[in-house]
Amino acid sequence: MNIHYKVLAFLLIIYISFSVSADGISKTDQRLRKLAQQLNLTGTPKTDSPIPAIDSPLAQLGMKLFYSKALGGEKDTACVSCHHPLLGGGDNLSLPIGAHALKPDVLGLKRKLKKGFQLAVPRNAPSTFNSIFYKKSLFHDGRVQAMADQHFNNFEGINTPDVPSKTLDPLGGENLVQAQARFPIISEAEMRGNFMPDAGTQTVRRALANRLKKNWLPAFRKGFSEPGASADELITEQNISAAIGEYERSQVFINNPWRKYLAGDNNAISEQAKKGALFFFQKESEGGANCNRCHSGDFFTDELFHNTAMPQIGMGKGEGKTKTEDFGCGSVTNNKGDKYRFRTPTLLNVEVTGPWGHAGAYTTLEGITRHMLFPLESIRHYNKKQLKQKHIKLDDMQVNTLAAAKSGLELHTIKNASEKDIKNLLEFLKTLTDPCVKSKKCLSPWIPSKNDNDPDGLMLHARF
Ligand code: HEC
Ligand code: HEC
């Protein structure tokens, strides 16, 4: 053997013995697997609620309703206008456009408002994917909230904005996702438009249900497997939200590489991603960023509310001195300490759910990740040019965002974060993507085809 090969072989043996332990697992794997074990991670978020199949009759009815502009007050908006599966279960916009779109069937960045209308939805549309796994609350501010953690065994009903805080909404329905589905249809900016402007919320819901009675009876009979029931019995606002909720709760996309890795496949994710995972989960004293402090467990959220001082772009909720602030859960609980707090979102499929943050201020995953690592620096150097929508109000952004930062910011600079750590972290976040959410074919069961029966010709077939 040539002397060079001997040296090479020797170096290789040294390299392998340093990076691989006796049982053939690399040092990174060893540390990561130990950590995952300590944190009880399995890759499968828990729910006691059965996951509906998308081809079940009720989820199929729910899908039709989710895509139907018949539920938009002025018949120009559907749930899917802001939550399309091909847009990560969102709309790809920082701030959504609901009612009064110039071309209602155009979604994504090409969606525009009619002349004379302004952006009126103050928050970013979260993904509907995996919403079945939220046990405590829905919405950025948690205003649809389980009275107890939503396990089937101790389900105690749901509090919603329709009733005083901490009290049960008798019409809240069976689960958080159903309870949530009753609200976009009564929101002027989202779906209602100028429909029955003076009517109470329940009157509007009933009127919309009545609207469906003309053409939707066969679809409801099929959906609820009640072939003999009448329109009055079946087409109720409660049944509408139940069906829509069933469809949304079937959107479970958790088959990601990280889960495969946790199941034992060392090759499921790259070495870079493994280092990123260590950085994500480890404490700062161990050289990590401890993202897991809030993004904990297999669903990557503690479901609690934190002040992370996200850049407050847009018109906010009309709060504070500037009248353009958004107090988040502070306005739901009326506790001073909750001001500027927003719910920790899941990070599953986060790669495809941008723009990120409660007002969609960051249009890159790297941007939001840097904010989580260097909050004050990110606010100071926030680049407005990243916004892809025109006409987003930015006059008060710095003032509002700094007000939040000064009011109990719960993030701090992670001093030991290097550029390499950030790259690794981004690689790790991408391992939380279920490949299905990037595949038109795989998502097709969640998107009605043009050949499907369309009860009143109001089905939204999206153009992007
Ligand atoms: C105009 C855009 C728009 C339309 C139309 C719309 N939504 Fe949303 N959706 C949003 C926004 C914005 C939020 C967050 C609002 C907040 O937190 O205050 C949201 C929140 C949600 C959430 C909560 C997700 C979470 O993680 O907490 C679900 C579920 C949801 N919408 C489902 C629906 C359903 C069902 C419909 C139809 C009945 C619908 N949406 C119609 C924009 C829209
Ligand atoms: C103190 C709790 C906390 C810590 C620590 C934390 N986050 Fe977050 N994270 C949040 C909250 C709360 C939000 C939503 C903020 C908002 O919308 O205003 C969020 C949002 C995000 C988002 C955007 C998700 C979306 O759908 O918009 C990403 C990505 C993210 N965090 C990644 C990380 C990473 C990576 C780390 C570690 C470097 C980290 N976070 C540390 C609480 C935290």
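This one's a predicted model, so the numbers in the text were calculated from it and none came from an experiment. (Residues numbered from 1 in each chain as written. Chains lettered and ligands numbered in written order. Predicted model: local features only at pLDDT ≥ 70, side-chain atom pairs only at ≥ 80, totals over all residues. Heavy atoms only, no water.)

## Some thoughts on the environment of K274
Along the chain, K274 turns up in helix α11 (residues 271-281). Owing to a relative accessible area of 5%, K274 belongs among the buried residues under this scheme. When the C-alpha atoms of K274 and R31 are compared, they prove to be 9.6 Å apart, with 243 residues separating the residues in sequence. Those residues within four positions of K274 in sequence are excluded, and the remaining contacts are T28, D29, L32, Y261, N266 and I269. (Helix = DSSP H or I, 4+ residues; strand = E, 2+ residues; numbered from the N terminus. Buried < 20%, exposed > 50% of the residue type's maximum accessible area, 1.4 Å probe, protein only. Contact = heavy atoms within 4.5 Å.)

## Side note on the packing of aromatic side chains
Under the criterion given, the structure shown has 20 aromatic pairs. Taking the centre distance of 5.1 Å and the plane angle of 85° together, the rings of W258 and F428 count as edge-to-face. Of this pair, W258 sits in helix α10 (residues 257-262) while F428 sits in helix α16 (residues 419-430), and the two are 170 residues apart along the sequence. Taking the relative accessible area as the measure of exposure, W258 reaches 1% and is therefore buried. Given a relative accessible area of 0%, F428 falls into the buried group. Each residue in the set W258, Y261, F280, F281, F300 and F428 is aromatic and connected to the rest through ring pairs, giving one cluster. The ring of F327 is capped by K339, whose NZ or CZ atom sits 4.6 Å from the centre of that ring. The ring of Y134 is capped by R343, whose NZ or CZ atom sits 3.8 Å from the centre of that ring. (Phe/Tyr/Trp six-rings, centres within 6.5 Å; stacked < 30°, edge-to-face > 60°. Lys NZ or Arg CZ within 6 Å of the ring centre and 35° of its normal.)

## A few points about the site of ligand 1
C79, C82, H83, F139 and R343 are the nearest of the 27 residues found near ligand 1. Contact between ligand 1 and R123: an oxygen atom at 2.8 Å from a side-chain N or O atom of the residue. Q180 places a polar side-chain atom, nitrogen or oxygen, 3.2 Å from a nitrogen atom of ligand 1. At the level of secondary structure, the elements contributing two or more residues to the shell around ligand 1 comprise α5 (188-192) and α9 (237-249). Here the residues of the shell around ligand 1 are counted per class, giving 15 nonpolar, 7 polar and 5 charged. (Near = heavy atom within 4 Å. Polar contact = N/O pair within 3.5 Å; in protein donor to acceptor, adjacent residues only side chain to side chain. Nonpolar A, V, L, I, M, F, W, Y, C, P; charged D, E, K, R; others polar.)

## Quick word on the environment of L376
Positionally, L376 belongs in helix α14 (residues 375-380). Taking the relative accessible area as the measure of exposure, L376 reaches 38% and is therefore partly exposed.

## Observations concerning the sheet that holds strand β1 (residues 137-138)
If you trace the 3 strands from one edge of the open sheet to the other, you get β1-β2-β3, paired in antiparallel fashion. Edge positions in the open sheet fall to β1 and β3 (158-159), since each of these has one partner strand only. Bridge count for β1 against strand β2 (residues 144-146) is 2 bridges, and the pairing is antiparallel. Its bridge partner lying in β2, L138 is registered against V144. (Pairing = 2+ DSSP bridges.)

## Brief notes about the domain arrangement of the protein
Interface size is commonly expressed as the accessible surface area that is lost when the partners come together. Segmenting the protein into domains produces domain 1 (3-30), domain 2 (57-137 + 161-252) and domain 3 (257-436). Note on domain 1 versus domain 3: buried area summed over both sides is about 380 Å², and carbon and sulfur give 41% of it. For the domain 1 face of the interface with domain 3, the top three residues by lost area are I25, T28 and D29, together amounting to 94%. Across the pair D29 and K274 runs a salt bridge, and its minimum N-O distance is 3.1 Å. Viewed at the interface, domain 3 and domain 1 are joined by 3 residue pairs in polar contact (both at pLDDT 80 or more). The residue makeup of the side of domain 1 that touches domain 3, split by class, is 1 nonpolar, 2 polar and 1 charged. (Domains from an automatic or database assignment. Buried area = accessible area lost by both parts, 1.4 Å probe. Salt bridge = Lys/Arg side-chain N within 4 Å of Asp/Glu carboxyl O.)

## Observations concerning helix α6 (residues 201-212)
End to end, α6 covers 17 Å across 12 residues, agreeing with the expected 16 Å (1.5 Å per residue, within 8%). For α6, the complete set of buried residues consists of Q202, V204, R205, A207, L208, A209 and L212. Looking at the buried positions of α6, the neighbouring elements they touch are α3 (57-66), α5, α7 (217-223) and α9. (Expected span 1.5 Å × (residues − 1).)

## Here we look at the coordination of the iron atom of ligand 2
When a metal carries six donors in an octahedron, the ideal angles between them are 90 or 180 degrees, while four donors in a tetrahedron ideally lie at 109.5 degrees. Every protein donor of the iron atom of ligand 2 is listed here as H295 (NE2) and M372 (SD), and their distances to the metal cover 2.1 to 2.6 Å. Around the iron atom of ligand 2, the 6 donor atoms are arranged such that angles at the metal cover 80 to 180°; this shape is classified as octahedral. Taken as a pair, H295 in the loop between α11 and β4 (305-306) and M372 in helix α13 (residues 365-373) lie far apart in primary sequence, 77 residues in all. According to the relative accessible area criterion, H295 is buried, its value standing at 11%. Taking relative accessible area as the criterion, M372 reaches 25% and is therefore assigned partly exposed. (Donors = N, O, S within 2.8 Å, 3.2 Å for Na, K, Ca; no water. Tetrahedral: all angles 85-135°; square planar, octahedral: opposite > 155°, others 65-115°.)

## Comments concerning the site of ligand 2
Taken together, 23 residues lie near ligand 2, and C291, C294, H295, H358 and M372 sit nearest. The separation between an oxygen atom of ligand 2 and a polar main-chain atom of G357 is 3.0 Å. Those elements giving two or more residues to the shell around ligand 2 turn out to be β5 (342-343) and α13. If you tally residues by element for the shell around ligand 2, the top one is α13, at 3 residues. Its residues assigned to classes, the shell around ligand 2 comprises 14 nonpolar, 6 polar and 3 charged.

## What to know about the coordination of the iron atom of ligand 1
Among protein residues, the single donor to the iron atom of ligand 1 is H83 (NE2), with a metal-donor distance of 2.1 Å. When you line up the elements, H83 lands in the loop between α3 and β1.

## What to know about the pattern of salt bridges
Evaluation of the coordinates by the stated rule reveals 18 salt bridges. A salt bridge links R341 to E410; the shortest N-O distance between them is 3.0 Å. Taken together, the residues R341 in the loop between α12 (330-333) and β5 and E410 in the loop between α15 (397-405) and α16 connect sequence positions 69 residues apart. By relative accessible area, R341 is classed as partly exposed at 24%. For E410, a relative accessible area of 21% puts it in the partly exposed group. Salt bridges sharing partners connect three or more residues here, namely R123, D141, R143 and D326.

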